[in-house]
Amino acid sequence: MDKISVKVCLGTTCFVKNSAYLPKLKEIVAKEFGDKVEVASSLCLGVCSTNWEISKAPYIKVNNVLIQEATIEKVLAEIEAQIKKGE
Ligand code: FES
């Protein structure tokens, strides 16, 4: 199974909507999943501009799955789901 890629958006919209705390995901993910998952921060993922009025920032991508109003819990659940699918 390929490594799972997690991209934490730190663009302005996501940052003001609280993505700043999400990089701590790196620590949590490393502890729980070791090297099966790679967490990186990202510039604007381009989603906020398509629905600025009803923005669901912060956004995070887990491989190709976009998570809206992302929380650490939502991201961990998606990683677990993708690992189970890949097994
Ligand atoms: S700032 Fe996060 S999607 Fe644009």
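Everything discussed here concerns the structure shown above.
Quick look at the structure, then. (Residues numbered from 1 in each chain as written. Predicted model: local features only at pLDDT ≥ 70, side-chain atom pairs only at ≥ 80, totals over all residues. Heavy atoms only, no water.)

1. Some points on the overall build of the protein
Note the cut-off: Working definition: helices are DSSP H or I runs of at least four residues, strands are E runs of at least two. Numbering for both runs from the N terminus. Each radius of gyration is computed over the set of C-alpha atoms, and the globule rule expresses the reference value as 2.2 Å times the number of residues to the power 0.38. By definition, residues are in contact when any of their heavy atoms lie within 4.5 Å. Note on areas: Shrake-Rupley, 1.4 Å probe, and residue coverage restricted to the protein chains presented here.
Along its length, the protein carries three helices and four strands. For the protein, the N- to C-terminal ordering of α and β elements is β-α-α-β-β-β-α. Expected size for 87 residues packed as a compact globule is a radius of gyration near 12 Å; at 13 Å, the protein falls within 12% of this value. Counting only C-alpha atoms and orienting by the principal axes, one finds that the protein spans roughly 40 × 20 × 20 Å. For the protein, the share of sequence-separated contacts (at least 6 apart) that also reach a separation of at least 24 residues comes to 67%. Surface exposure of the protein reaches about 5500 Å², of which carbon and sulfur atoms provide 52%.

2. Notes on the sheet that holds strand 4 (residues 65-67)
Cut-off, in case you're wondering: Between any two strands, pairing holds if DSSP finds at least two bridges. Fitted lines through C-alpha atoms serve as axes, helices being fitted only where they are in contact, and the angles separating the N-to-C directions of these axes extend from 0 to 180 degrees.
Within the open sheet, the four strands sit side by side as 2-1-3-4. Their pairing is mixed. The open sheet is flanked by strand 2 (37-42) and strand 4, the only strands paired with a single partner. On average, adjacent strands in this sheet sit at an angle of 20 degrees to one another, irrespective of strand direction. Pairing of strand 1 (residues 4-9) with strand 2 involves six bridges; the strand directions are parallel. For V6, the partnering residue across the bridge sits in strand 2 and is V39. Contacts from helix 2 (residues 25-33) reach strand 1, strand 2 and strand 3 (60-62) within the one sheet, and its direction differs from that of strand 2 by about 170 degrees.

3. Comments concerning the packing of helix 2 against helix 3 (residues 72-86)
The line we're drawing: Put simply, a crossing is left-handed when the front helix is turned counterclockwise from the back one by less than a right angle, and right-handed when it is turned clockwise. Three residue categories are used. Nonpolar comprises Ala, Val, Leu, Ile, Met, Phe, Trp, Tyr, Cys and Pro, charged comprises Asp, Glu, Lys and Arg, and polar comprises the others, including Gly.
Remark: helix 2 packs on helix 3, axes separated minimally by 11 Å, with the N-to-C direction vectors making an angle of 35 degrees. The crossing of helix 2 and helix 3 is right-handed. Across the interface between the two elements, L25, I28, V29, E32 and F33 of helix 2 pack against I72, V75, L76, I79, E80 and I83 of helix 3. When its residues are assigned to classes, the contact of helix 2 with helix 3 shows nine nonpolar, no polar and two charged.

Read these as geometric descriptors, not functional statements.
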